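Examining the three-dimensional arrangement
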Amino acid sequence: VQLQACGGGLVQAGGSLRLSCAASGSIFSINVRGWYRQAPGKQREFVARITSGGTINYADSVEGRFTIPRDNSKNIVYLQMNSLKPEDTAVYYCNVLRTTPIREYEYWGQGTEVTVSS
């Protein structure tokens, strides 16, 4: 599975951005698609995820501000980020979990940088 993320940039606090993550390759057994982020000097943390069945989970820090819509026809998952705060500044990574009868595979996109100015 190859993941291509884009959509990052510089935005003022209170603004919005939409990240996109396009998947290609062996996408037929993808179970979970999600987003993580890593702020400078911090560990990578979970942001949001959506399962193949449509179950969605959000980190407490983004609940109510971020959503994770998807376009199955294009194999794209988005991260719609509203009411952005300076603490949302990070490199955002898309993530995929793919399950086969033998094992589970995890894939990461290249990261897209989001900077929120105060």
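In this report, we go over the structure that sits alongside the text. (Residues numbered from 1 in each chain as written. Predicted model: local features only at pLDDT ≥ 70, side-chain atom pairs only at ≥ 80, totals over all residues. Heavy atoms only, no water.)

1. Observations regarding the packing of aromatic side chains
- Considering all chains together, one arrives at 3 aromatic pairs under this definition.
- Summarising the aromatic geometry, the rings of Y105 and Y107 are spaced 6.5 Å apart at their centres and angled 20 degrees between planes, so their arrangement reads as stacked.
- Relative accessible area serves as the criterion here: at 26%, Y105 is assigned to the partly exposed category.
- The aromatic ring of Y93 is capped on one face by R44, whose charged end is 3.8 Å from the ring centroid.
- Lying over the aromatic face of F28, R98 brings its terminal NZ or CZ to 5.9 Å of the ring centre. (Phe/Tyr/Trp six-rings, centres within 6.5 Å; stacked < 30°, edge-to-face > 60°. Buried < 20%, exposed > 50% of the residue type's maximum accessible area, 1.4 Å probe, protein only. Lys NZ or Arg CZ within 6 Å of the ring centre and 35° of its normal.)

2. A few points about unusual backbone geometry
- For N75, which is not a glycine, the phi torsion comes out positive at approximately 55 degrees.
- Considering the arrangement of structural elements, one finds N75 in the loop between β8 (70-71) and β9 (76-81). (Helix = DSSP H or I, 4+ residues; strand = E, 2+ residues; numbered from the N terminus.)

3. Some thoughts on the state of the cysteines
- According to the stated counting rule, one finds 1 disulfide in the structure shown.
- Disulfide pairing is shown between C21 and C94; the S-S distance is 2.2 Å. On the sign convention where negative is left-handed, the bridge of C21 and C94, at about 65 degrees about the S-S bond, is right-handed. Placement of C21 in strand β3 (residues 17-24) and of C94 in strand β10 (residues 90-99) is noted, with a sequence separation of 73 residues between them.
- Residue C21 is classed as buried on the basis of its relative accessible area of 2%. (Disulfide = S-S within 2.5 Å.)

That is the geometry; function is a separate question.
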